[in-house]
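# A closer look at the structure
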Amino acid sequence: MNPCRSIPQNSTNVCLSSGQYNIRDRMPSQIRGWWSNDSETQIPRITCLNAPKISCDVQPSLFWKLVDIDRCSMVRSPNCREVTLRSVRLYDSRITIRAQDASPNSTFSDCLFNHTTVSLLHTLPFESSTSTANASSVFLFTSNYLMGSSAFSFSDNTTDIQWSDAQGLKRNERHIIVENNTLPQLDIHLVTMEMPDLRLTGNTLTLCRVYVRLIASIEHGDRIPSLQIDNNSFSTIILSKSGSSTNGSILMHHNRVGVLAVVESNGVTLLLHYNDIRAFNLIESKGYETRRGDVISDNTFVFFTYVATLGKLSTPIKFDRNTMSSANIIVDMDLTGMMLMQDTIWTGPIEEKKAPALHLQLMYGFFLLRNTSIHGYSQGGIKVISTVTAAILIDAVSISNCGRGAISMTVEKSNIDIKSSTLYNNTSPTVGGAISISTSGTEQTVLIRDCRLIHNRSPHGSALSISGGDIQVENVEIIVEDDVDNPLNDHSVVYLYGTHDYKNVSLSCAEERYLASSNASSSLVWSCRPCASGTYFLGRGEVVEDVERGNECTRCPEGVECIDGKTPQAKPNYWCGKNAVQQLVCHNCPSGYCNETAHLWNSSCIGHRSGELCGGCADGYTLGFLTSACLPVDHCRHEWIGLLSIIPFVYVAVLLFVPIGDGAVWKSMSYFVQTVPLLLKQERQSSVTTMFSSLFTTPTNMGSSSWLGFCTGQINYIEREFISLYIPAGTIFLFLFACLSALLYHKMGCTTPRRKIIFLTKALDKRSMLSRCTTGLVAGFLLMYSGLIASYLKLYFCIEIEPTRWAMYNAGTERCDQWWRTPFVSVASILLLPSPLLLIFIRRRLKGTERETGRDVLMVLDGCYRQSTKYWESVYMVRRLAIAVAYVFITDERW
C-alpha cells in the first residue's frame, strides 16, 4: 500500500489516484478519483487532520466524485454556486455546505454516509437583494445510502426565487427530487415565495421532516405546484407548511408509515391515496380564504386524526374507502363546508387507545357518513360533540356490540338525519343504547327513518333518546332485548322530548314485558316494563303499525307464583300453558308427568314429555308400558306384542288349574297388589311391587323408572290404553269362551278321555272343568276389576283446559269429543260401575242354591268369610271402586 500523501494546500481542482491522502486546512472544491478495477487498487481516500474549509473562490462550483472522505468536520463556504457529490463515501464526518447563488443547484447521487451528518443550505448572495423572475433552482438527492447515526438536511431560503422549469425538466416534473435513498433521517427546510415542486420517491427513511414556509402568495394559473411523496417507507414523517396561502397541494401515494405521519398546514390541499399508515395526524389551522377540499381515499390507518379550523372550502372534503381502527375529526370552517365519508372499513378497537370508532366535532358544515359497518367498540360507535349549525346525515350504517351507545350526539342548531341503518346489540351505561341525541334550540330537525334498532340496552331510552327540536320517526323497527340488570333502569325504550311525529313504527318488547305508554304533545315515552309481583304478562308488548298492544298485566292464577316481573314459577306437580288470549292456565299434573319441584311455567314436563298437561311425547319418543316416561322410538321392539298377547292365556291356565280364587290369603294378597299402585306416588313404588302389581292391573303408567318400561312402537295414549285393556278384558272373554265350551261339552254328555290326558284326569278328579271355569271366571273378574275400572275412568276423565276446550286429563293432547268415547263410556258404565251391587244381587239369588255352578260362584264370593261377613266381597269391590275414583279424579297427590 502506498504511504499517505498530502494534497497541496492551495489546490482547487485535483484528480486523485488510488491511495491514502491527508488534508489539513483547505478542501479542494473540485476532486475526482480514478483507479483500476483490479483487487490491488482502491478508491482514493482523504483523511482530514484538522477542520478544513471548502474554498470556491477559484472554482465557483463544488464537485466531488469517486472519493472516500474520512473524519472531516468542515465549515461551509460562502461562495459555492452549485454542489455536486457523486459516488462519494463519507465516514465519521460532519459537513456543512452553503450554495450561495440566485439560482443554486445541487446534486447528491450514489453516495454513502457512515456516521456522517451533512447539511446543505441554498441561499442568496449577501450582496443580492432581488433576483430575476423565473430563475432556476434544482436539488437532486438520489440513490444515496446512509448508515448508523447519519443524517442529511437540506434548507432553502432563497426567498426571492420563483420555482420554475430548469435544466430541461418538464412542467409536471419536480425541482426537488429525492429518490431511492436509504437513510435514518432526512430534513428539508424550504423558505420560498411559492409552493415548491418536491418529489420523494422510493426512499426508505426512519425519520423524514419537510418544512415549507411561504413568504408571498403567488397565482399559478392552471399549474398547481405540489409536494409529491410516492412509494416510500417511513417510520415517521412530518410535513409542515406555514406562511402565505397557496393553491398547491401535498400528494401522498403508496407510502408505508410504521409509526406516525403528521401533516401540519395552514391551507394546503391534501391528496392521500393507497397509503398504509399506523397513526395519521392532520392539523390544518389558520386556513386561508378558499381552498380545495382534501381527498383521502383507499388508505389503511390504525389511528386517524383530522383537525381543520377556519378557512373556506371550494370543494368537499372526501374520505372514501379507507380502512381504520378509529377516527377523530374536528372541522371548524368560516363558510359551510362539506365532508363526505363513505365506504369506510372499521377494523375494531385497539386496546392501547380506548376511543369510539368515529369522534366528530363539526362547526358550520355538512357531514355525510355512508355505507359502513362498526363492530365491538367499548367506547361507542359514533360520538358527535360540540357541533353547532351543522347538518349530519348517516346513511346505510351498521353498528353492533358497542358500549356507550351506537350513536351519541350533543348538537346545537343542527339538523340530524339517520336513515337505512341497523343498530344491533349496543349498550350504554346511561342513556340511548342505540341512538342518543341531545339538541338545543327549536329550529332544527331530527329525522330517524328506515332503520332497524335491535337488542340495544341502556337504563333509559334503550333504543331512542332524543330531546329537543322537531323529531320525526318513520319506518323504524325496534326489537327490545331483556332489561339491563341495573337498579336505576326505568325500562324506557323510546324517549322523545319535543315536537314529535311517528309513522309506521313497530316495537316489540322482550318476552314477558308489557308496553307502558305515555304520549303527550311535547313528549312520547314507550317502555317495556316487568309486571309487579302477583301479576304477569305473557308474550311481548308491541307497537304494530303505530297501534299499541299488550299494555296490561294479569293476576297470577292458582298453581303459579309471580315475583318482581320474573318468569312465573309453577308450583310442584303443576302444568301451565297459555291460552288463545295469552293468559296462563294451570292445572295439577298427572302423576309422573311433571316436575316435582318449583319450575318455570313453560318447563313443567319431565321424562321427555310434552304438550298440554304433558300428555304427549317429544319428537322421537313414544309412550310405553310400565313407565310414565316417554321412551325413544328407536329402542322399541315389536316382539313385546307377542308377550302381551299370551298373558291372558297364562291367567286362564293359572286360574283353571290352581284353586286360588277362594283362599283368604289369595284374596288379601290380590286386594293389596291391586290397591297399592293406586295409593302410592309413582316415585315411591318399588320396582318389584310395580312389576308384580302390573300383572294384575293394566301395565300402563304404573311405573316411574324409564329403565323398567318397554315400548312396541309409535303409539298415542288412547292406543296404549286399549292395548292395556286387552289383558283384563281378554282374560275375562277367554274365560267366558272356556266356560261356555265346557258347559256345552257337559250338556252334550261328553266325557274326557282320561287315559290320554293324564294331568287333566288328575286335576278333574278334584274339581270338574265346569266348576273350574266358573270359579276362574269369577276370580278373574274380581282380580281384573281395579285395572278395568281405573283404565275406564282415565279414558273418561276430562278437564276444561280453558273455556269451551276440554282435553283428557291423562292425555292432554287428546280431545274429549272423539267419536268412540260415548259408546265406550256407556258400555263400561253399564258393565263396571254397578258391579258391587251386582255381587250383592247375585249372592241373594244364589243363596241356598243346590246347583253346582251356583255353589262355585258363592265359594269364590264369600267362601273365605265368616258367616256374619259373607257380604264383604261387595265391600272390597266398593273400596276398589272408591280407590280407583280417588286415584283418577283427585289430581292433587297430597290428598
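Every value quoted in this text rests on a predicted model; they were computed, and no experiment measured them.

About the criteria used
Residues numbered from 1 in each chain as written. Predicted model: local features only at pLDDT ≥ 70, side-chain atom pairs only at ≥ 80, totals over all residues. Heavy atoms only, no water. Helix = DSSP H or I, 4+ residues; strand = E, 2+ residues; numbered from the N terminus. Buried < 20%, exposed > 50% of the residue type's maximum accessible area, 1.4 Å probe, protein only. Contact = heavy atoms within 4.5 Å. Pairing = 2+ DSSP bridges. Axes fitted to C-alpha atoms, helices over the stretch in contact; angles between N-to-C directions. Polar contact = N/O pair within 3.5 Å; in protein donor to acceptor, adjacent residues only side chain to side chain. Disulfide = S-S within 2.5 Å. Core = buried A, V, L, I, M, F, W, Y, C linked by side-chain atoms within 4.5 Å. UniProt positions renumbered as here; feature names shortened; annotations may be inferred. 1 Å grid on protein atoms, 1.4 Å probe; cavity = no way out; pocket = protein on both sides within 12 Å on 5 of 7 lines; lining within 4 Å. Points joined across faces, edges and corners; volume = space filled by probe spheres on them. Phe/Tyr/Trp six-rings, centres within 6.5 Å; stacked < 30°, edge-to-face > 60°. Lys NZ or Arg CZ within 6 Å of the ring centre and 35° of its normal.

### Topic: the overall build of the protein chain
Counting secondary structure elements, the protein chain contains ten helices and 64 strands. Within the span of the protein chain, comprising 895 residues, buried residues form 53% of the whole. Contacts in the protein chain between residues far apart in sequence, at least 24 positions, make up 61% of those at least 6 positions apart.

### Some thoughts on the sheet that holds strand β62 (residues 798-802)
The antiparallel open sheet is built from three strands, whose spatial order is β62-β63-β64. Where the open sheet ends on each side, the last strands, each with one partner, are β62 and β64 (811-815). Averaged over all pairs of adjacent strands, the angle between their axes in this sheet comes to 50°, without regard to strand direction. Pairing between β62 and strand β63 (residues 805-808): four bridges, direction antiparallel. Note on β63: the bridge partner recorded for Cys-798 is Met-808.

### Focus: the side chain of Asn-810
Within the element layout of this structure, Asn-810 appears in the loop between β63 and β64. Exposure remark for Asn-810: the relative accessible area of 8% places this residue in the buried category. Not counting residues up to four positions away in its chain, the partners in contact with Asn-810 are Pro-590, Tyr-593, Gly-615, Tyr-717 and Lys-794.

### Points about the environment of Asn-716
With respect to the helices and strands, Asn-716 occurs in the loop between α3 (687-694) and α4 (717-747). Once residues within four sequence positions are removed from consideration, Asn-716 is found in contact with Leu-623 and Glu-814. A polar atom in the side chain of Asn-716 sits 2.8 Å from the backbone nitrogen of Glu-719.

### Focus on the state of the cysteines
This structure, assessed with the given rule, holds ten disulfides. The disulfide bridge from Cys-531 ends at Cys-553, spanning 2.0 Å between sulfur atoms. Residues Cys-531 and Cys-553 share a disulfide whose torsion about the S-S bond is about -90°; that sign makes it left-handed. Residue Cys-531 is found in the loop between β48 (523-529) and β49 (535-536), and its partner Cys-553 is found in the loop between β51 (547-549) and β52 (554-555); the two are separated by 22 residues along the sequence. Judged by its relative accessible area of 4%, Cys-531 is buried.

### Here's the deal with the nonpolar core
Within the largest apolar cluster, 131 residues are counted, with the highest numbers of intra-cluster contacts made by Met-27, Trp-64, Phe-152, Ile-329 and Leu-507. Excluding its chain neighbours within four sequence positions, the residues that come into contact with Phe-152 are Phe-108, Phe-113, Val-118, Leu-120, Phe-139, Phe-141, Leu-146, Leu-183, Gln-185, Leu-186 and Asp-187. Core analysis: the next-biggest nonpolar cluster, separate from the first, contains 51 residues, Val-778, Leu-783, Ala-811 and Val-857 among them.

### Observations concerning the sheet that holds strand β54 (residues 569-570)
Pairing within the open sheet is antiparallel, and its three strands lie in the order β53-β54-β57. Pairing within the sheet leaves two strands with one partner each, and these edge strands are β53 (560-561) and β57 (599-600). Of the strand pairs in this sheet, β54 and β57 are connected by two bridges, and their pairing is antiparallel. By the bridge assignment, Gln-569 is partnered in β57 with Leu-600.

### What about the UniProt feature "transmembrane region" (unreviewed entry) in the protein chain?
With numbering matched to this structure, UniProt assigns "transmembrane region" (unreviewed entry) to residues 722-745, 776-799 and 819-842. Counting secondary structure, residues 722-745 comes out at 100% helix and 0% strand; the distance between its end C-alpha atoms is 33 Å. Helix makes up 88% of residues 776-799 and strand 8%, with an end-to-end C-alpha separation of 38 Å.

### Re empty space enclosed by the protein
Applying the stated criterion across every chain yields a total of six cavities of 30 Å³ or more. Taken together, 14 residues line the largest cavity, and the ones lying closest to its centre are Ser-462, Val-480, Glu-481, Asp-483 and His-491.

### Here's the deal with the packing of aromatic side chains
Evaluation of the coordinates by the stated rule reveals 16 aromatic pairs. On the numbers, 6.4 Å between centres and 65° between planes, the contact of Phe-108 with Phe-139 is edge-to-face. Taken together, the residues span a long stretch of sequence, with Phe-108 in strand β14 (residues 105-109) and Phe-139 in strand β17 (residues 138-142) at a distance of 31 residues. Here Phe-108 and Phe-139 have matching classes, each one buried. Arranged with centres 5.4 Å apart and planes meeting at 25°, the rings of Phe-625 and Phe-710 form a pair that is stacked. On the criterion of sequence distance, the pair formed by Phe-625 in the loop between β60 (621-623) and β61 (630-632) and Phe-710 in the loop between α3 and α4 is long-range, its members being 85 residues apart. The exposure class assigned to Phe-625 is buried, which follows from its relative accessible area of 1%. Taken together, Phe-108, Phe-139, Phe-141, Phe-152 and Phe-154 form an aromatic cluster joined through their ring pairs. Sitting over the ring of Tyr-91, Arg-45 keeps its end group 4.6 Å from the ring centre.

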